[in-house]
Amino acid sequence: MAKHIKIKKPKLPRMPRIPKIKSAHKMLKNDVPGTLTYTGSKEQKHVSVELIEYTQQDYTIEQGNDVSIAFDKHKPGEISWININGLAHTDQIEKLGQHYDLHPLILEDIVDTNQRPKIDEYPNYLFVVFKMLYFDEDGAFMNEHISLVLGENYLITFQEADGDVFDSLRMRIANAKGRVRNAGADYLMFAIMDAVVDHYFTLIETMSDRIETLEDVLFSNQAEQDITQDIQDLKREVLRLRKAVFPFREVVNRLEKIDSTLIDERTVTYIRDLYDHVVQVSDSIDIYREMTWGLMDMYMTTISNRMNEVMKVLTIISSIFIPLTFMAGIYGMNFEYIPELNWHYGYFYLWGLMFIIFFLLLYYFKRKKWL
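Let us look at the structure shown here. (Residues numbered from 1 in each chain as written. Predicted model: local features only at pLDDT ≥ 70, side-chain atom pairs only at ≥ 80, totals over all residues. Heavy atoms only, no water.)

## Points about the packing of aromatic side chains
On inspection of all chains with the given rule, the structure shows 16 aromatic pairs. A ring pair is formed by Y345 and F348, whose centres lie 6.5 Å apart and whose planes are at 50°; its orientation type is tilted. Overall, Y345 belongs to the partly exposed group, its relative accessible area being 46%. The class for F348 is exposed, based on a relative accessible area of 55%. Through a chain of ring-to-ring contacts, three or more aromatic side chains come together here, namely W343, Y345, Y347, F348, Y349, W351 and F355. The ring centre of Y187 lies 4.6 Å from the NZ or CZ of R179, which sits over that ring. (Phe/Tyr/Trp six-rings, centres within 6.5 Å; stacked < 30°, edge-to-face > 60°. Buried < 20%, exposed > 50% of the residue type's maximum accessible area, 1.4 Å probe, protein only. Lys NZ or Arg CZ within 6 Å of the ring centre and 35° of its normal.)

## Considering the nonpolar core
By size, the foremost hydrophobic cluster in this structure holds 66 residues, and its most contacted members are L148, L188, M189, M193, F248, L255 and I263. Elements supplying a minimum of two residues to this core: β1 (48-54), β3 (79-85), β5 (126-135), β6 (141-151), α4 (167-174), α5 (185-219), α6 (227-257) and α7 (265-330). It is α5 that provides the largest number of residues to this core, a total of 19 residues. Those residues in contact with L255 that sit more than four places away from it in its chain are I119, L126, M189, M193, I263 and I271. One finds L51, F71, L107 and Y125 within the second-largest nonpolar core, a separate group that totals 27 residues. (Core = buried A, V, L, I, M, F, W, Y, C linked by side-chain atoms within 4.5 Å. Helix = DSSP H or I, 4+ residues; strand = E, 2+ residues; numbered from the N terminus. Contact = heavy atoms within 4.5 Å.)

## Observations regarding the environment of Y275
Summarising the element assignment, Y275 is placed in helix α7. Y275 gets classed as partly exposed once you look at its relative accessible area, which sits at 22%. Each C-alpha atom, one on Y275 and one on V251, is 9.1 Å from the other, the two residues being 24 residues apart in sequence. Excluding anything up to four places from it in sequence, Y275 contacts R249, V252, N253 and E256.

## Some details on the pairing of strand β7 (residues 154-159)
Within β7, six of the six residues are buried, which leaves the element mostly enclosed by the surrounding structure. Burial along β7 is two-sided: Y154, I156 and F158 and L155, T157 and Q159, pointing in opposite directions, are all buried. As defined by bridge partners, β3 adjoins β7 across six bridges and the pair is classed as parallel. Its bridge partner being in β7, N85 is matched across the sheet by Q159. (Pairing = 2+ DSSP bridges.)

## Observations regarding the packing of α5 against α6
A pair of packed helices is characterised by two quantities: the angle between their axes and the separation of those axes. At a minimum axis separation of 11 Å, α5 and α6 run at an interaxial angle of 155°. Classified by the angle between their axes, α5 and α6 sit roughly antiparallel to one another. The chirality of how α5 crosses α6 is left-handed. Each of M189, M193, V197, Y200, L203, M207, R210, I211, L214, V217 and L218 in α5 lies in contact with α6, whose residues at this interface are I227, D230, I231, L234, V238, L241, A244, V245, F248, V252 and L255. When grouped by side-chain class, the residues that make up the contact of α5 with α6 number 20 nonpolar, no polar and two charged. (Axes fitted to C-alpha atoms, helices over the stretch in contact; angles between N-to-C directions. Parallel < 35°, antiparallel > 145°, perpendicular 65-115°, else oblique. Left-handed = near helix turned anticlockwise from the far one by under 90°. Nonpolar A, V, L, I, M, F, W, Y, C, P; charged D, E, K, R; others polar.)

## Focus: the pairing of β3
A regular strand places its side chains on the two faces of the sheet in alternate fashion. Burial of β3 is extensive: seven of the seven residues sit out of reach of the surface. Burial of β3 is two-sided: the residues I79, W81, N83 and N85 facing one way and the residues S80, I82 and I84 facing the other way are all buried. Bridge count for β1 against β3 is seven bridges, and the pairing is antiparallel. Note that in β3 the partner of E53 across the bridge is S80.

## What about helix α2 (residues 90-99)?
For α2, every residue scored as buried is listed here: Q92, I93, L96 and G97. Buried positions in α2, seen along its axis, are confined to an arc of 140° and lie on one side of it. In α2, the exposed positions angled more than 90 degrees off the buried face are occupied by D91 and Q98. Looking at the buried side of α2, the elements it contacts are β3, α3 (104-111) and β7. D101 sits one or two residues past α2 and shows a positive phi near 55°. (Arc of directions from axis to C-beta.)

## A word on the environment of M296
Relative to the helices and strands, M296 is located in helix α7. Taking the C-alpha atoms as reference points, M296 and K235, 61 residues apart in sequence, are found 9.9 Å from one another. Contacts of M296, omitting those with residues within four sequence positions, involve T228, I231 and Q232.

## Digging into the pattern of salt bridges
Applying the stated criterion across every chain yields a total of eleven salt bridges. Between D109 and K118 there is a salt bridge, with its nearest N and O atoms 2.6 Å apart. You can call D109 buried: its relative accessible area is 10%. A residue is classified by how much of its surface remains accessible, and K118, at 22% relative accessible area, is partly exposed. (Salt bridge = Lys/Arg side-chain N within 4 Å of Asp/Glu carboxyl O.)

Here is the structure:
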């Protein structure tokens, strides 16, 4: 005899929600083009500046709260990585821009967190914007605006606040692992973008697990009413990931084909591999987008099937009791001359006939596989 096994309801892995993007201040104020207005929400007390300088043999790191520590310290053959955390301090951004002769529109895009990922080419440097998506140590989802300025033997990165995905890259530079210490600033730019794409894969894996769990819940007919909210949250998360990844694919594609003396031919090979990874991420997002869209249809189908099962049971019960009710109604009429009323065993005959009709109908429904 088969035992009834109770299926334990799978626990849905929660994917932290992506915060809504606030409207850009410059749109509300109608600022003059080139005006520095920070449009994000990540405020920190002081700007944080990290200066990493290295060659094949040497490595130094310096930190401070003023961008002036990055001025006039470049040595011949030395690569400088200047990392700025704190876009809300626009005076420091403007000060750094004046020293490196950055265009005012670039400075505006650096502090505008609503800027779409893009790449701009200037005579002496390249400017790249993209989004860094990752989970922090507490499991919270982080969506951060990243800007890069690639120059001759230097790379400047701008972040909204402290915390990023570049710790492993810093360790590789400090310990002289890999080829980053043997290459130029263009390879450093590639390594930073590659670290961002690697964390895109982490988000994709989390999304895949969540979709599979939701499908298991739906197929096991254990879906609850609040699962619709989970599906809607997942749909919004997929769209926001897509909004960050798809423009970044165009950026990497253009970076691969760009004709600039700042990018070495050997680095182009790595950028081409990076483009393949971004395409893989974007293709996965498209697949999961279609799967997420189908989850709601699957949920509605499950609800409809469940309702059909309920209606089938109710219909069968009604079909069984209709003839019984008919017989009870006939002998419940207040006519004096009903022949069967005078039978000695008429009551038991009626009950027997009712049971016979009941079991015949059950047999008929079983044979038709309606039960």
